[in-house]
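Geometric and topological summary
As a plain string of letters, each chain reads:
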Amino acid sequence: MEQFLRAAAGWRRSGRCGVWLAAVLATAGIEAQMPTHAGQYEQADIEQGARLYSGHCVTCHGERGDTMPGANLASGKFRHAETDRDLSNVIRNGIAGTAMAPSAYTDSELSAIVAYLRNMGSVDLSVAAQGDAVRGRALFQGKGNCGSCHRVGGAGPRFAPDLTSVGATRTAATLQRVLVDPNAALLPINAQVRAELNDGTVITGRRLNEDTFTVQLIDSNERLVSLDRAQLREYTVSRAAVMPSYAAIFTEAERADVVAYLLSLKGPN
Amino acid sequence: MRRCTLVNTALAASILLLQGAQAEVTFERLLNAAAEPHNWLTYSGSYASQRHTALRQIRPSNVGELELKWAFQAQSLESFETTPLVVDGVMYLTEAPNTAVALDAATGRLFWRYQHNPTADARPCCGRVNRGLAILGQTLFMATIDAKLIAIDAVTGQPLWQKSIADPGAGYAMTLAPLVVKDKVIIGVAGGEYGIRGFIAAYDAVSGEERWRFYTIPAPGEPGFETWADGGDAWRYGGASVWLTGSYDPALDLTYWGIGNPGPDWNPAQRPGDNLYSDSVVALDPDTGELKWHFQFTPNDDYDYDAVQVPVLVDLPTTSLSSGKLMLWGNRNGFFYVLDRVTGEFIRGLPFVKVNWASGLDERGRPLETPQPLGSVTFPGVQGGTNWYSPSYSPSTGLFYLSAWENYGSVFRPAEAEYLPGRTFVGGIPASPLAGTGNIPGIRRGPINNWTEALGNGAVIALDPRTGEQRWRFPTTDVSSSGILTTATDLLFTASRDGYFYALDARTGRLLWRTSLGGQGANGPMAYAVDDVQYVAASSGNGLFVFALRD
């Protein structure tokens, strides 16, 4: 027990507010659902989609989505797509024989663009929160102290999930939700575990893999540890995220900035 | 009992593991890998590339008590050719084509997996395979079949940087495990069957920036270009791949690399001259890439006799010849060479299998070529007397061991090849000497090798570097794609195409233990220890199988 407390205390010392965006973010694959009908799009995704749209799509399709003959994007009707999945595929693969070229958007970006297209007619871009990734980076490192737990680009601790590629696998809406309510968004694999060995040794960490007989984790000293369940006196999985809510720490505008920064993290090169 | 027999350092390190953070693999640790035999820190186990373990727990008297401790099944059906690294209880390996994996070395359970998806234009000639990783500090390095070098955090499996080395669309690919020397990561490119111009290059381990590049084919104006000069543009497409990891001598501060065949592979008329540095070993300054010496095994190669082997560095101070700092090389061309690795000077070379393309080697090691008439059989055949699978040297027995393809020949028929970017550029197709049969394949397919007895057979052979002569031979029905591991207790481990993993007495070649794993063994067995238990690991089929003594 003593070792557990010491490790936890040490952790808190190094990270002023014990920030753990972590728990909520890093598992493989995209968790974003692709709704096939309107009404399920989150504001943050729509706004992120608007930003992406105005950076690329606008060149041909225009601000209101109506400058290409026969294609009025804001109408909600698409000649080559019915479902959101169809739309993603068209954006990703392009349309052969037309000027609509394939793109290299991540899954996260595709779902944001789809969210925007589905709401183009009703969204006033002038009031959409325009997060600033540069400001967000400063908040991540400064006021939010996020870098005291999370690793980005090979710098920072490894105990919380690495965020180097978080922008490629998480949507704006998910990131917003995590910042406000980490507990609700906690993915089970990222929950903190505490294992007490039969000899009294206590190990805390984050699970990497688990099976009937063993568990593999990265412990609070950033070591890869494999444990035999038969050697454990006690094994508990915390339901609470280590990361605090940023609802009161960041303003809404600051959260938008941090989200913009996180979305810019798409891995090396 | 086990505690006494395993070297003490292994025990000390496993205790350390439970304190402090995950230890860093410094360059000093790589230099002194012999001091921590419980770990396997580089592709070949040490910079000298002897594939020899100092662990002593498993020995001839108890090898019969080996039992399977765990198996790891790759998520890929490509040939499993990786040699794992083991660092303080964590095993790092690759799944084909380019997925890096971290496992608990005692149980085989997964810590993380990082998958790189090669671009669709990657076109390695001989399988979408990978032979393993390198490590420095807490960073792993993986060379990919789409010619990228990727740095990966060894604790989290997150990529740190990625560097495009060459154009995969033009046939450049990498299958080798990189070699770390000092603060640099050294790799080489393959693609000799697509008309590449090969090179070896070094990258800063932290930033990924290229520090030097040594082209394995000299350009006009550079020394050695005269060996291509009569071929017009032949040098631009002349191949000279680097298929395998090099070695390093810290005292001489030289890194040694084997270079592949010139292209087009089977039509030397299109590239008159010796075609340096194809089919050679080169000694480079690891800080600058400067060439210090070279030795060419097969000038103006007709047969695809790549020097596709790991240079094995051996010190035999009692030898009357040379400095005693030797390099041993069982070459694809069928000759076993002993070189002075200070100067590259040839000491001796004798055939280790049936050879008829040359009658011998002259005093400088150049082959006395005896080309066979068109349509008749050349020995060794196109896959060579041996190939990429690692040999082993045992300081205990003083012998050099390799997997040989015996009595194996091909009929070579050169043809004109036209260079088109990204297309094969080989100049003919070698044929089987037996009508109605194919060549023995590079990778075994089918339940039995039913052409073997007519077309060749395999053997593990022990060669004496003092004389160049064979000391013993363990014949096998099928040829082998497996490397060899020797131990300080005079065991030899290897695997076979017909699915066996077995142990021989390294002094006599007598069979001491075998088990049937059912799939082709196509990496080199390696050894390590965790918590006082010595393990030996070998690939079979698409997985890794790990053995230790019965509890």
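Note that the coordinates shown come from a computational prediction; the quantities given were computed from them, not determined experimentally. (Residues numbered from 1 in each chain as written. Chains lettered and ligands numbered in written order. Predicted model: local features only at pLDDT ≥ 70, side-chain atom pairs only at ≥ 80, totals over all residues.)

**Considerations on the overall build of chain A**
Counting its secondary structure elements, chain A contains ten helices and five strands. Among the 269 residues that make up chain A, the fraction classed as buried is 40%. If you take every contact in chain A between residues at least 6 apart in sequence, the share linking residues at least 24 apart comes to 72%. (Helix = DSSP H or I, 4+ residues; strand = E, 2+ residues; numbered from the N terminus. Buried ≥ 20, exposed ≤ 12 C-beta atoms within 10 Å, placed from the backbone. Contact = placed C-beta atoms within 7 Å.)

**A word on the overall build of chain B**
Scanning chain B for helices and strands turns up four helices and 37 strands. The C-alpha atoms of chain B give 22 Å as radius of gyration, which agrees with the globular expectation for 551 residues (24 Å, within 12%). By its C-alpha atoms, chain B is 65 × 50 × 50 Å across when sized along the principal axes. Counting every position in chain B, which comprises 551 residues, the buried fraction comes to 60%. (Rg over C-alpha atoms; globule rule 2.2 N^0.38 Å.)

**Describing the interface of chain A and chain B**
On the chain B side, the residues contacting the 18 residues of chain A number 20 residues. Secondary-structure elements contributing two or more residues to the side of chain A that touches chain B are β2 (202-210), β3 (214-219) and β4 (224-228) of chain A. Counting residues per element, the side of chain A that touches chain B draws most heavily on β3 of chain A, which supplies three residues.

**Looking at the packing of helix α4 (residues 84-93) of chain A against helix α5 (residues 107-118) of chain A**
Residues and elements named next belong to chain A. Where α4 contacts α5, the axes come no closer than 10 Å and their chain directions differ by 115°. Classified by chirality, the crossing of α5 by α4 is right-handed. Touching Asp84, Leu87, Ser88, Ile91 and Arg92 of α4 are Leu110, Ile113, Val114 and Leu117, all from α5. Among the residues forming the contact of α4 with α5, the class breakdown is six nonpolar, one polar and two charged. (Axes fitted to C-alpha atoms, helices over the stretch in contact; angles between N-to-C directions. Left-handed = near helix turned anticlockwise from the far one by under 90°. Nonpolar A, V, L, I, M, F, W, Y, C, P; charged D, E, K, R; others polar.)

**A closer look at the sheet that holds strand β31 (residues 484-487) of chain B**
Residues and elements named next belong to chain B. Within the open sheet, the five strands sit side by side as β1-β31-β32-β33-β34. Their pairing is mixed. Every interior strand has two partners, whereas the edge strands, β1 (52-53) and β34 (511-516), have only one. Bridge count between strand β33 (residues 500-505) and β34: five bridges; the pairing is antiparallel. Within β34, the residue paired with Tyr500 across the bridge is Ser516. (Pairing = 2+ DSSP bridges.)

**Let's talk about the pairing of strand β9 (residues 148-153) of chain B**
Residue and element names in this part refer to chain B. Within β9, six of the six residues are buried, which leaves the element mostly enclosed by the surrounding structure. On β9, burial covers both faces: Lys148, Ile150 and Ile152 on one face and Leu149, Ala151 and Asp153 on the other are all buried. Here strand β8 (residues 139-143) pairs with β9 via five bridges, running antiparallel. In the strand pairing of β9, Thr139 is matched with Asp153. Linking two consecutive strands that pair antiparallel, namely β8 and β9, is a turn of four residues; a positive phi of about 60° is found at Ala147 within it.

**Concerning the nonpolar core**
Residues Tyr92, Leu133, Ile135, Met174, Val185, Val189 and Tyr535 of chain B are the most contacted members of the largest nonpolar core, which totals 229 residues. Mapped onto the domain boundaries, this core takes at least three residues apiece from domain 1 (43-127) and domain 2 (192-237) of chain A. (Core = buried A, V, L, I, M, F, W, Y, C linked by C-beta atoms within 7 Å. Domains from an automatic or database assignment.)

**Observations concerning unusual backbone geometry**
Residue Pro264 of chain B is bonded to the preceding Gly263 of chain B through a cis peptide linkage, with omega at 0°. Along the chain, Pro264 of chain B turns up in the loop between β16 (254-258) and β17 (280-284). With an omega of -10°, the peptide bond between Phe379 of chain B and Pro380 of chain B qualifies as cis. Position of Pro380 of chain B relative to the elements: it lies in the loop between β25 (377-378) and β26 (392-394). With a phi angle near 55°, Asn145 of chain A is a residue other than glycine that sits in the positive phi range. Topologically, Asn145 of chain A is positioned in the loop between α6 (133-141) and α7 (166-169). Of the residues examined, Asn145 of chain A has 18 C-beta atoms within 10 Å and is grouped as partly exposed.

**A closer look at the confidence of the model for chain A**
Per-residue confidence for chain A gives a mean pLDDT of 81, with 83% of residues at or over 70. Low pLDDT (under 50) marks residues 1-38 of chain A, which in the prediction has 94 contacts with non-local residues, meaning those over four places away or in another chain. (pLDDT = per-residue confidence, 0-100.)

**What to know about the sheet that holds strand β14 (residues 210-215) of chain B**
Residues and elements named next belong to chain B. Spatial strand order, β11-β12-β13-β14: four strands in an open sheet with antiparallel pairing. On the outer flanks of this sheet lie β11 (179-181) and β14, each paired with one strand and no other. Adjacent strand axes in the sheet meet at a mean angle of 20°, parallel and antiparallel pairs treated alike. In this structure, strand β13 (residues 199-204) lies alongside β14, joined through five bridges in antiparallel fashion. Looking at β14, one finds that Phe199 is bridged to Tyr215.

**Concerning the environment of Asn221 of chain A**
Note that Asn221 of chain A resides in the loop between β3 and β4. Remark: the alpha-carbon pair of Asn221 of chain A and Arg158 of chain A, spanning 63 residues in sequence, is separated by 8.7 Å.

**A word on helix α3 (residues 43-61) of chain A**
All names here are of chain A. Its 19 residues give α3 an end-to-end C-alpha distance of only 22 Å, which falls more than 12% under 27 Å, the value for a rise of 1.5 Å per residue. Of all the bends found along α3, the most pronounced is centred on Ser54 and spans about 55°. Those residues of α3 that are buried are in contact with α5, α8 (172-180) and α10 (252-263). Gly62 sits one or two positions beyond α3 and adopts a positive phi of about 80°. (Expected span 1.5 Å × (residues − 1). Bend = angle between axes of the 7 residues up to and from the residue.)

**Re the pairing of β8 of chain B**
Residue and element names in this part refer to chain B. When you tally the buried positions in β8, you get five out of five residues, the bulk of the element. On β8, burial covers both faces: Thr139, Phe141 and Ala143 on one face and Leu140 and Met142 on the other are all buried. In terms of strand pairing, strand β7 (residues 134-136) meets β8 through three bridges, oriented antiparallel. Along β8, the bridge assignment pairs Ile135 with Leu140. Counted between consecutive antiparallel strands, the loop separating β7 from β8 contains two residues, among which Gly137 sits at a positive phi close to 65°.

**Here's the deal with α8 of chain A**
The periodicity of an α-helix, 3.6 residues per turn, causes residues three or four positions apart to be oriented the same way. Burial within α8 of chain A is extensive, with seven of its nine residues counted as buried. Taken together, the buried positions of α8 of chain A are occupied by Ala172, Ala173, Thr174, Leu175, Gln176, Val178 and Leu179 of chain A.

**A short note on the environment of Ser49 of chain B**
Residues and elements named next belong to chain B. Looking at the secondary structure, you find Ser49 in the loop between α3 (27-31) and β1. Judged by the 29 C-beta atoms lying within 10 Å of it, Ser49 falls in the buried class. In sequence terms Ser49 and Tyr393 are 344 residues apart; their C-alpha atoms lie 8.4 Å from each other. For Ser49, the contacting residues outside a window of four places in its chain are Ser44, Ser247, Val310, Pro311, Val312 and Leu313.

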